[in-house]
Structures are given as structure tokens and as C-alpha cells.
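For reference, the chains in residue letters:
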Amino acid sequence: MEVVNKKWPIEKLFAERAEILKKWETGKEVQDINKGIEYQKTIPKAKNFAAKLKEAKENGVTLVQPRAGVALVNEHIALLQYLQDEGGADLLPSTIDSYTRQNRYMEAQKGIEESVSSGRSLLNGFPAVNHGLENCRKVVESLKSPVQVRHGTPDARLLAEITLAAGFTDYEGGGISYNIPYAKDVSLEKTIYYWQYVDRLVGYYQENGVEINREPFGPLTGTLVPPSISHAVAILEAILAAEQGVMNMTLGYGQCGNLTQDVAAIQTLEELADEYLKDNGYEGRQLTTVFHQWMGGFPQDEAKAFGVISWGASAAALAKATKVIVKTPHEAMGIPTKEANAQGLRTTKQLINMLKDQSLPESKKLQLEKEMIKKETRAILDATLKLGEGDWAKGAIRAFESGIIDIPFAPSRYNAGRILPARDNEGAIRLLDSGDLPFTKEIEEFHKEKIEIRGKAEDREPSFQMVIDDIYAIGKGFLVGRPS
Ligand SMILES: CCC[C@H]1O[C@@H](n2cnc3c(N)ncnc32)[C@H](O)[C@@H]1O
């Protein structure tokens, strides 16, 4: 299929959805799209994600949000109520299970049945498609806070149909960010097309008076991803969503660990997104930012894990991100208990509250970091548009084919995988090898010098060993993977 960045006529969406709703029996419950729109209009403003994000941005508040999801409806409700009431979550998720993310609804159904018979959750998230419209509405109605669908689904069309009709007011993901880090062998043509469907559906709700927020998945592989690469993908997905009529977007970034770089990343993300959206004719979009606490390997020791969580909370607060996605002291083990999840939230909230009257002062270092991130991101996006001969969707596909966009450690065979990131001597993420990224000599020199300084300090040649050492460093209690 020829994928172009052009708003779908609504008839195209309606024709496609007839097929999508057949993919599982619960699809027929949302046949009449206007019922979903009418239901969404009954959701009070206090439970609308876009409204709460707007208010937080205006008041300079950083909201806290966990990830959470279990197999059965009542247990999922109890979990989210606990995180809201005991954890102090400002915003709530419903993290979707892996079977649903792969459209394997038969296995999700089995997981539900086995969870009932065994008395515990045997799925690693909430199987919203199988539970269907009424059960999803029961989740939304049992909570005081807005609820967002968090997942990792290359083909998220049916999941969107059901959860939007059920009153979820925010939907995470995108045709690049939920493909390249999540799938081995699904083409970008397919997933960009699937996510045009999702964004056109959100656009239709929007055109009928329902504010739905969209959040491209910022961290990507969550492993030493340089800010300019995650920014380029986030802004690309924002443009593709805006073309389909999406008006509210939260753009994301995964913590790298060096404070100056993390603050520079959040500040430049919103500035660049605003610039590119406006330059492409998408006016009046509500832009907010989300900072993901460290997405890489965690220490097993819970006290150390709280240290990593606190560092992420501090960086989010000082960066003035609109919201922060919280980790838990069980991160190294797996799905957290509700108590551990609530502890991560309370730790984060403590830091957010203590730091809310402070900010990282402008400095030469911060200015240089922001300037480099902007130069790199612009170089990637401008090369992408050129490759696409003026079309962002075509450009995105061709950029990955040529390595102009290249995400480190991604499983997808559509990703070039030619770049190598490593930390510099202060822990900022630099490029040991920039592969085919469209960087100027000046940018390449900047990265080379930064890593050479580390090599001298460690008395070793910059090499792949640095990358390996950095991947394990935080789990071992450090930021920079110094030679043992
Ligand atoms: C990209 C997201 C990875 C993060 O997402 C967390 N995560 C995944 N599934 C659940 C769940 N069902 N409940 C609470 N956290 C969850 C992992 O721990 C990891 O931090």
C-alpha cells in the first residue's frame, strides 16, 4: 500500500473499521461510533487527560503517572484505585498485556480464564479487547482520575476503537515508536498506515467535540537512545497525527541520566515540536511533555532502585516536564506489586514537591547541549523530508531504509542498526559511531571529542566495550560504565 501523509476522508475510516471490528467478537459492541462519542461527552472534565495536562502545564506542575495492568476487571480496578488513593497518582494507566499487543486475542482469552481459575493475574497487563466495552467503561467509572491506554501494539486499531468508546481519554503509541522497538518483522508501511487509522479515529472524536490526547512512545528501545533520535521520531509521529486531526499531544523522552542533557532534551523537545508543527501548517495544537524515568536495567536492591527513581523524579521536576512516568523498586524483578508501584509514586511525588520551586539555571553547558540537540534533530528531520520528496510518511519509511533514522538496539529488521551510542565522561549519551545519520562534520567532531575525553580519563581507546559497560552500569550502581 502507498502510504502518504494525507488526512483520510472519513468514509475511508468508516470503510476500514467495518473490517477491524470483526477481528474479535467485542468489536460489534462499538459498531455505532456515535455512541462512543456520546459516552465520552459524559466524562467529567476532571477525568479528561487533555484537560488535566493543560492545567498542569499552565500551573507549572509535573504530574505523576504509573504503569499498571492485570488480567481481570475487578482486580484491575482495585489496583488502579490503590495507585490513585495510596500512591497519589495524578494520572492513571491501563497497561495492556502482550497477547493483546500482538492481536492474539485467543491467547488473551485463555489467559483470562486461567487467571480466574488460578486466582492470580497470569497476563502481564489488562486485556481490554477481550473484556470489551462495558467492562472497560466499568474501569473508567470506578476511578476519579483520567485513564490512558499504555501498550506496545503495532496494529492497535481494534484496541483504540474499544477503549475510546469506553471513555479512555489518552492513547499511547505510534506507527514508528510501537513498531521498531517492539516488532521484529512488521513493515513501517503497515504500521504507519495502521496508526493513521488510530489518529483519524481520534481526529473524528475531536471533530465531534471530544478532546483525546495522543502520546507517541518517547523512550523507544530505552537503551542509550540519543535525544536527537527520540526527538526526531516523536516529532515525526506528532506531524503524522496532526495531519489526521489530532489536536492534543504529549511528546516523550526517556531519561538518559546526565542532568544537563535531560533538561536540555525536554526543553528542546517542546520547542522543536512547536516549530515543526507550525512550519507544516498544524496550528493550535496543545503540546505537553512526558519524562520517562530510567528505562534501562535497574539495580535489584530496592534501596538502590529508589535512588534511580529519585534521580528520574529530580530530572523530571528540574526539566519542568508536564508529567513523569514512574518506575518501581520491583523493576529488576518484573511486574510490581501494587504496594511497590505506590512506593515508586510516593518517592517521585516527594521529589517533585521538594523541587517544584527550583529549576536548572541557564548555563553555557545547558545552552550548548540544547544547541547540539536542535542541530542534530533538525538535520535528521530535514533529511527525512527531503527523502520523502516533501511527504513525511514516505520520508519516514525511506529514512529508516537508509539509516538516516536509526534506533540503537532495536529488534526490527527495518532498522539499520548501524549506530553505536556510549556515554561521555560526564554520563551524557554521545555517538561512538553515527552510522548513516545525516550529521555535519562539526556534529561528528563534537561527539568524537566528548568520548575521547572519557577514553583518556579511563586510559582506554573508545570501543564497543564502553557501550557494554554503559548498558550494565546503572544496574551495578553507577552511571558511566567505567572499566572494572
Ligand atoms: C516500555 C514499558 C516498560 C516498563 O513497563 C513496565 N510494565 C510493563 N507491564 C506492566 C504492568 N502490567 N504493570 C506495571 N508495570 C508494567 C515494566 O516494568 C517496565 O518498567
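This structure is a prediction, so every number in the text was calculated from the model and none was measured. Each chain has its residues counted from 1, following the order in which its sequence is written. Only residues with pLDDT of at least 70 get local features here, since the model is predicted, and only at 80 or more are side-chain atom pairs given and counted; chain-wide, interface and lining totals rely on the full set of residues. Heavy atoms from the whole structure form the basis of all side-chain values; hydrogens and water molecules are not counted.

Draft legend 1. Representation of the overall build of the protein within the structure. Secondary structure elements are defined from DSSP: runs of H or I of at least 4 residues count as helices, runs of E of at least 2 residues count as strands, and each element is numbered from the N terminus. Looking only at helices and strands, the protein features 17 helices and ten strands. The C-alpha radius of gyration computed for the protein amounts to 21 Å, which stays within 12% of the reference 23 Å derived for 484 residues, consistent with globular compactness. For the protein, the C-alpha atoms occupy an extent of roughly 65 × 50 × 40 Å along the three principal directions. Counting across all 484 residues of the protein, residues that qualify as buried make up 61%. Contacts are residue-level and defined by heavy atoms, with any inter-residue pair within 4.5 Å sufficient. Of the contacts made within the protein by residues no fewer than 6 positions apart, 75% connect residues no fewer than 24 positions apart. Each accessible area value is a Shrake-Rupley result obtained with a 1.4 Å probe; residue values ignore everything except the protein chains displayed when judging cover. When the accessible surface of the protein is totalled, it reaches about 18300 Å², and 52% of it is carbon and sulfur. The globule rule is 2.2 Å times the number of residues to the power 0.38, and the radius of gyration it is compared with is taken over C-alpha atoms. Only protein chains enter the accessibility calculation, which uses a 1.4 Å probe; a residue is then buried when its area is under 20% of its type maximum, exposed when over 50%, and partly exposed in between.

Draft legend 2. Helix H16 (residues 441-458), seen in detail. With 18 residues, H16 should reach 26 Å at 1.5 Å per residue; the first-to-last C-alpha distance of 25 Å fits that figure. Buried within H16 we find Ile443, Phe446, His447, Ile451, Arg454, Gly455 and Glu458. As for H16, its buried residues are in contact with helix H14 (364-387), strand S9 (420-423), strand S10 (429-433) and helix H17 (464-473). Of the residues flanking the end of H16, it is Asp459, one or two places downstream, whose phi is positive at about 55°. In this scheme, a helix's expected span is set at 1.5 Å multiplied by one less than its residue total.

Draft legend 3. Local environment of the confidence of the model for the protein. Mean pLDDT over the protein stands at 98; residues scoring 70 or higher make up 100%. Summarising per-element confidence for the protein, the mean pLDDT is lowest in helix H1 (residues 10-20) (97) and highest in strand S8 (residues 323-325) (99). Scored from 0 to 100, pLDDT records how confident the predictor is in each individual residue.

Draft legend 4. Just the pattern of salt bridges, in detail. Salt bridge, as used here, is a side-chain nitrogen of Lys or Arg placed within 4 Å of a carboxyl oxygen of Asp or Glu. Overall, the coordinates contain 42 salt bridges when judged by the stated rule. Ionic pairing is found between Glu458 and Arg482, a salt bridge with its closest N-O pair at 2.8 Å. Taken as a pair, Glu458 in helix H16 and Arg482 in the segment after H17 lie far apart in primary sequence, 24 residues in all. With a relative accessible area of 39%, Arg482 lands in the partly exposed category.

Draft legend 5. Main features of the nonpolar core. Residues enter a nonpolar core if they are buried and are Ala, Val, Leu, Ile, Met, Phe, Trp, Tyr or Cys, with the set joined through side-chain atoms within 4.5 Å. Of all hydrophobic cores here, the largest spans 135 residues; its most connected members are Ile176, Ile192 and Tyr205. Other than its neighbours up to four places away in sequence, Ile192 contacts Val3, Gly175, Ile176, Leu240, Ala393, Ala396 and Ile397.

Draft legend 6. How the structure looks around the environment of Arg413. Tracing the backbone through its elements, the reader meets Arg413 in the loop between helix H15 (392-402) and S9. Along the sequence, Arg413 and Val186 sit 227 residues apart, while their C-alpha atoms lie 8.3 Å from each other. Every residue in contact with Arg413, bar those within four places of it in the chain, is listed here: Lys184 and Asp185.

Draft legend 7. Structural context of the environment of Tyr105. Structurally, Tyr105 can be placed in helix H6 (residues 105-118). Once the C-alpha coordinates of Tyr105 and Leu158 are considered, the two residues, 53 residues apart in sequence, prove to be 11 Å apart.

Draft legend 8. Examining a nonpolar patch on the surface more closely. Together, Phe409, Ile471 and Tyr472 line one region of the surface with nonpolar side chains, adding up to about 280 Å² of accessible area. Of note, Tyr472 is situated in helix H17. Residues enter a patch when their relative accessible area is above 30% and they make no salt bridge; the linking distance is 9 Å between like charges and 5 Å between nonpolar side chains (Val, Leu, Ile, Met, Phe, Trp, Tyr).

Draft legend 9. Fine view of the sheet that holds strand S5 (residues 213-215). Read across the sheet, eight strands follow the order S1-S8-S7-S6-S5-S4-S3-S2 without closing on themselves; strand pairing throughout is parallel. Both edges of this open sheet fall to strand S1 (63-65) and strand S2 (92-95), since each of them pairs with a single strand only. Going across the sheet, the axis of each strand differs from the next one's by a mean of 25°, ignoring polarity. For helices, the fitted axis covers only the stretch in contact; all axes are lines through C-alpha atoms, and the angles between them, taken along N-to-C directions, range from 0 to 180 degrees. On top of the sheet, helix H9 (residues 188-207) reaches strand S4 (170-172), S5 and strand S6 (248-254); it is set at about 155° to S5, its chief contact. Two strands are said to pair when DSSP picks up at least two bridges between them.

Draft legend 10. Representation of the site of the ligand. Residues in close proximity to the ligand include Arg67, Ala68, Gly69, Thr95, Asn124, Tyr182, Phe217, Met295, Lys327, Glu331, Ile335 and Pro336, which together make up its full environment. Asn124 has a polar backbone atom sitting 3.0 Å from a nitrogen atom of the ligand. Any pair of N or O atoms that falls within 3.5 Å is considered a polar contact. Within protein, one atom must be able to donate a hydrogen and the other to accept it, and sequence-neighbouring residues count only if both atoms are side-chain atoms. Separating an oxygen atom of the ligand from a side-chain N or O atom of Glu331 is a distance of 2.7 Å. Relative to its unbound accessible surface of 450 Å², the ligand loses 79% to contact with the protein. Residue polarity follows a fixed list, in which Ala, Val, Leu, Ile, Met, Phe, Trp, Tyr, Cys and Pro are nonpolar, Asp, Glu, Lys and Arg are charged, and the others, Gly among them, are polar. Residue classes in the shell around the ligand are distributed as six nonpolar, three polar and three charged. Whether a residue is near a molecule or strand is decided by its heavy atoms; if any one of them lies within 4 Å of it, the residue is near.

Draft legend 11. Representation of the packing of aromatic side chains in the model. Stacked, tilted and edge-to-face pairs are distinguished by plane angle, under 30 degrees for stacked and over 60 for edge-to-face with tilted covering the rest, among Phe, Tyr and Trp rings (Trp via its six-membered ring) whose centres lie within 6.5 Å. Evaluated as defined, the whole model comprises eleven aromatic pairs. Both rings, one in Trp8 and one in Tyr193, keep their centres 5.0 Å apart while their planes meet at 45°; by these two values the pair is tilted. Note that Trp8 is positioned in the segment before H1 and Tyr193 in helix H9, a separation of 185 residues in sequence. Look at Trp8 and you get buried, because its relative accessible area is 4%. Tyr193 gets classed as buried once you look at its relative accessible area, which sits at 12%. Taking 5.2 Å as the distance between ring centres and 75° as the angle between the ring planes, the aromatic pair formed by Tyr178 and Tyr182 counts as edge-to-face. One aromatic cluster is present, formed by Tyr171, Tyr178, Tyr182, Trp195 and Phe217 through successive ring pairs. For a Lys NZ or an Arg CZ to count as sitting over a ring, it must be within 6 Å of the ring centre and within 35 degrees of the ring normal. Over the face of the ring belonging to Trp8 we find Lys12, whose NZ or CZ atom lies 4.6 Å from the ring centre. The ring of Tyr82 carries Lys338 above its face, with NZ or CZ at 5.0 Å from the centroid.

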